[in-house]
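A closer look at the structure
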Amino acid sequence: MSDIAELADRLDRARTGRAPIVQLTAGTEVDLESAYLVQREGIALRVGRGERVVGVKLGFTSKAKAEQMGVSDVILGVMTAQTQTEDGGEIDRSRFIHPRVEPEIALLLGADLDPAAPADEQLAAVAQVAPALEIIDSRYRDFRFSLADVVADNTSAAGFVVGEWRDLATVLSDLDLADLEVTLEIDGEVAETGSTGDILGDPLRAVAAVARLASQHGVPVPAGSIILAGAATAAAPLPDRAGAQVVATVAGLGSVSCTIGGAR
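Residues numbered from 1 in each chain as written. Predicted model: local features only at pLDDT ≥ 70, side-chain atom pairs only at ≥ 80, totals over all residues. Heavy atoms only, no water.

**Observations regarding the overall build of the chain**
Rules: Strands here are runs of E lasting at least two residues and helices are runs of H or I lasting at least four, both read from the DSSP assignment and numbered beginning at the N terminus. Only C-alpha atoms enter the radius of gyration; for comparison, a globular chain is expected to reach 2.2 Å times N to the power 0.38, where N is the number of residues. Partly exposed residues are those whose accessible area sits between 20% and 50% of the maximum for their type, while under 20% is buried and over 50% is exposed, using a 1.4 Å probe and protein chains only. Throughout, a residue-residue contact means that at least one pair of heavy atoms, one from each residue, lies within 4.5 Å.
What the chain contains, in helices and strands, is 7 helices and 14 strands. For 264 residues, the compact-globule formula gives about 18 Å, and the C-alpha radius of gyration of the chain, at 17 Å, lands near that figure. Across its three principal axes, the chain shows a C-alpha extent of roughly 50 × 50 × 35 Å. Across the 264 residues in the chain, those meeting the buried criterion constitute 54%. Sequence-distant contacts, at least 24 apart, represent 76% of the contacts inside the chain between residues at least 6 apart.

Put into structure tokens, the structure is as follows:
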């Protein structure tokens, strides 16, 4: 198999140069374990340039997303502060290759996530919850990849926006987080609809999944980490018109938005 560092560098150059590449598995033998090593090396390159890890994300947690991309396994990626946009802020579309956007549920840890702890203790580590948007952008040609390819590419992570944080215990006293309507609007028109139940049946199940995968692949998840639990709908193309607005609304929980910049 090709050297892990070389594969990570190939993907890193594709991301920073906004130039898609042939899938890694098209010319090399990359299994899932090796793909996570490539991902980790890629994050190390970015941290070495000054980026700061702020959380993790799950991929392929919704049936719609899995069917759209032709895969089904839950996967883990890493997010950095440099890819976060403030709620209502502008996202520079020129930073991406062929970006898509999806509505999510974000969780904020108030304590370290202990993979050895019982599930109820892991869940108790979550302090706050918020609606979120994630920008995904595969570094592969035609947005096509195998499971190993997308893991190596840090699960297509490219950007994210988090709405207003709310205390999780307070939210759960009023709402069933596993059954909230989710709407994705682009310039006032509905692009996708779904439910928080499409995220693993309940977005809070993401906590145990993150703990398991993070432990397996050596990813620390300390207090203060943001977890993107997964997409509630299929992804929609990120608008390429400057000034376009993207809004995700989770019934009862709130909305989150961004405006497109750096486009036509």
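**Description of the packing of helix α1 (residues 4-17) against helix α2 (residues 32-48)**
Quick reminder of the rule: The angle between two axes is taken between their N-to-C directions and runs from 0 to 180 degrees, where each axis is a line fitted to C-alpha atoms and a helix contributes only its stretch in contact. Geometric relationships in this document are graded by angle, where less than 35 degrees denotes roughly parallel, more than 145 denotes roughly antiparallel, 65 to 115 denotes roughly perpendicular, and other angles denote oblique. Each crossing gets its hand from how the near helix is turned against the far one by less than a right angle, where anticlockwise is left-handed and clockwise is right-handed. Ten residue types, Ala, Val, Leu, Ile, Met, Phe, Trp, Tyr, Cys and Pro, are classed as nonpolar, four, Asp, Glu, Lys and Arg, as charged, and the remainder, Gly among them, as polar.
At their nearest, the axes of α1 and α2 sit 8 Å apart, and the two run at 60 degrees to each other. As the angle between them shows, α1 and α2 are arranged oblique. Considering how the two elements wind past one another, α1 and α2 form a crossing that is right-handed. Across the interface between the two elements, Ile 4, Ala 5, Leu 7, Ala 8, Asp 9, Leu 11, Asp 12 and Arg 15 from α1 touch Ser 34, Leu 37, Val 38, Glu 41, Gly 42, Leu 45 and Arg 46 from α2. In terms of residue class, the contact of α1 with α2 is built from 8 nonpolar, 2 polar and 5 charged.

**Considerations on the environment of Phe 143**
Among the structural elements, Phe 143 can be located in the loop between β6 (126-136) and α5 (147-152). The exposure class of Phe 143 is buried, given its relative accessible area of 5%. Taking the C-alpha atoms as reference, Phe 143 lies 23 Å from Leu 45; in sequence the two are 98 residues apart.

**Quick word on the nonpolar core**
Formally: Residues belong to a common nonpolar core when they are buried Ala, Val, Leu, Ile, Met, Phe, Trp, Tyr or Cys residues joined through side-chain atoms within 4.5 Å.
Of all hydrophobic cores here, the largest spans 56 residues; its most connected members are Leu 24, Leu 76, Ile 105, Leu 107, Val 129 and Val 210. With residues near it in sequence (within four places) discarded, Val 129 still touches Ile 105, Ala 106, Leu 107, Glu 164, Trp 165, Arg 166, Leu 168, Val 171, Leu 177 and Leu 253. Among the nonpolar cores identified, the runner-up in size contains 17 residues, and Ile 91, Ile 135, Leu 184 and Ile 260 belong to it.

**Re the side chain of Gln 23**
Note on placement: Gln 23 falls in the loop between α1 and α2. Overall, the relative accessible area of 18% leaves Gln 23 in the buried class. Aside from chain neighbours lying at most four places away, what touches Gln 23 is Tyr 140, Arg 141, Arg 144, Phe 145 and Asp 149.

**Some remarks on the pairing of strand β10 (residues 189-195)**
Side-chain direction in a regular strand flips from residue to residue, so the side chains alternate between the two faces of the sheet. Applied cut-off: When DSSP locates at least two bridges between a pair of strands, those strands are taken to pair.
Judged from the 6 bridges that link them, strand β9 (residues 181-186) and β10 form a sheet pairing that is antiparallel. Pairing of Val 182 across the sheet is with Gly 194, part of β10. Following β9, the chain reverses through 2 residues before pairing antiparallel with β10; Asp 187 in that reversal takes a positive phi of roughly 50 degrees.

**Focus: the packing of aromatic side chains**
Keep this limit in mind: For this analysis, a ring pair means two rings from Phe, Tyr or Trp (six-membered ring only for Trp) whose centres lie within 6.5 Å, classed as stacked if their planes differ by under 30 degrees, edge-to-face if by over 60, and tilted for the remaining angles. Charge-over-ring placement is defined geometrically: NZ (Lys) or CZ (Arg) within 6 Å of the ring centre, and within 35 degrees of the ring normal.
With the rule as written, the count across this model stands at 1 aromatic pair. In this arrangement the basic side chain of Arg 100 is found over the ring face of Phe 143, its NZ or CZ atom lying 3.9 Å from the centre.

**Let's talk about a negative patch on the surface**
Rules: The patches reported here contain residues having more than 30% relative accessible area and no salt bridge. Joining distances are 9 Å for like charges and 5 Å for nonpolar side chains (Val, Leu, Ile, Met, Phe, Trp, Tyr). Using a 1.4 Å probe, accessible areas were evaluated by the Shrake-Rupley method; residue-level cover was limited to the displayed protein chains. Salt bridges are defined by distance alone: a side-chain nitrogen of Lys or Arg within 4 Å of a carboxyl oxygen of Asp or Glu. Charged residues are defined narrowly, with Lys and Arg counted positive, Asp and Glu counted negative, and His plus the chain ends left uncounted. Each charge is placed at NZ for Lys, CZ for Arg, CG for Asp and CD for Glu.
A grouping of Asp 112, Asp 114, Asp 120 and Glu 121 is seen on the molecular surface, where their side chains present a negatively charged patch. Position of Asp 120 relative to the elements: it lies in helix α4 (residues 119-124). For Asp 120, a relative accessible area of 57% gives the class exposed.

**Quick look at the pattern of salt bridges**
Scanning the entire structure with this criterion turns up 9 salt bridges. Where Asp 12 meets Arg 49, a salt bridge forms, and the shortest distance between an N and an O atom there is 2.9 Å. Of this pair, Asp 12 sits in helix α1 while Arg 49 is found in the loop between α2 and β1 (53-59), placing the two residues 37 residues apart along the sequence. With relative accessibility at 9%, the residue Asp 12 sits in the buried group. Given a relative accessible area of 47%, Arg 49 falls into the partly exposed group. Note that Arg 46 and Glu 51 form a salt bridge whose closest N and O atoms lie 3.2 Å from each other. A residue is classified by how much of its surface remains accessible, and Glu 51, at 15% relative accessible area, is buried.

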